[in-house]
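# Observations on the three-dimensional arrangement
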Amino acid sequence: RTVCDRMNISGRFEDARISTNQVSVLRAMVRGLKPNRRIPYADECRLMTAHLPAIRFALERLTTGRIKGVSSPTVCAVVARAWYSQELDHLERFCEILRTGMAGDDEAVIIVLRDYLSKLDRSHNMTVLRDIYGRVERALHCYLSGRNVTILRPCQAEMFPLPEEKVA
């Protein structure tokens, strides 16, 4: 059985079914910029319980079929991480611009990210996924701090730590 099947059968998530998209976002969210590692099932259940509201927020606002890459688990993971520390209105605006491409002059960094995502081929190579994650994180950080950049380089350090990472 898949992790989703096991989570749904367990009865821990009574209010909704867990989807493969949610599990993928959780894994990308927990991984962040760190090297990939396997997460034990019990830890995945605990983390899903803790982070499900943030994951739902990101998936609801980034789901689109128009621009490839915008609703990928990697992009959603950055938004879900930022959910803990940033104003939700700003995150919603970031997601809206990323989905629609309708941006003001001071929001051009999101269009740079959108163009970058639309030109990528879908790869599961961890180096590429980490690069995408870092660029999305940089774009979101620049947008939230009011900086506009035309060249989007990936972050080298986590800009939006999870609550359990702040304690550690």
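Quick notes on the rules
Residues numbered from 1 in each chain as written. Predicted model: local features only at pLDDT ≥ 70, side-chain atom pairs only at ≥ 80, totals over all residues. Heavy atoms only, no water. Core = buried A, V, L, I, M, F, W, Y, C linked by side-chain atoms within 4.5 Å. Buried < 20%, exposed > 50% of the residue type's maximum accessible area, 1.4 Å probe, protein only. Helix = DSSP H or I, 4+ residues; strand = E, 2+ residues; numbered from the N terminus. Contact = heavy atoms within 4.5 Å. pLDDT = per-residue confidence, 0-100. Axes fitted to C-alpha atoms, helices over the stretch in contact; angles between N-to-C directions. Parallel < 35°, antiparallel > 145°, perpendicular 65-115°, else oblique. Left-handed = near helix turned anticlockwise from the far one by under 90°. Nonpolar A, V, L, I, M, F, W, Y, C, P; charged D, E, K, R; others polar.

Membership of the largest hydrophobic core comes to 55 residues, with the highest contact counts inside it found for Met48, Leu98 and Leu113. Counting only elements with at least two residues in this core, the list comes to helix 1 (3-10), helix 2 (20-31), helix 3 (41-62), helix 4 (73-82), helix 5 (88-100), helix 6 (108-118) and helix 7 (126-145). By residue number, the principal contributor to this core is helix 3, which donates 10 residues. Leu98 has contacts with Leu62, Val70, Val75, Ile110, Leu113, Arg114 and Leu117, leaving out every residue within four places of it along the chain.

To continue, consider the confidence of the model for the chain. Chain-level statistics for the chain give a pLDDT mean of 89 and a share of 97% at 70 or above. Of all helices and strands in the chain, the one with the weakest mean pLDDT is helix 8 (residues 163-167) (79), whereas helix 4 scores best (96).

Turning our eyes to something else, we now look at the packing of helix 5 against helix 6. Interaxial distance between helix 5 and helix 6 falls to 9 Å at its minimum, and their mutual angle equals 45 degrees. On the basis of the axis angle, helix 5 is oblique to helix 6. Remark: the crossing between helix 5 and helix 6 carries right-handed chirality. Residues Phe94, Ile97, Leu98, Arg99 and Thr100 of helix 5 lie in contact with helix 6, whose contacting residues are Ile110, Ile111, Leu113, Arg114 and Leu117. Looking at the contact of helix 5 with helix 6 residue by residue, the classes come out as seven nonpolar, one polar and two charged.

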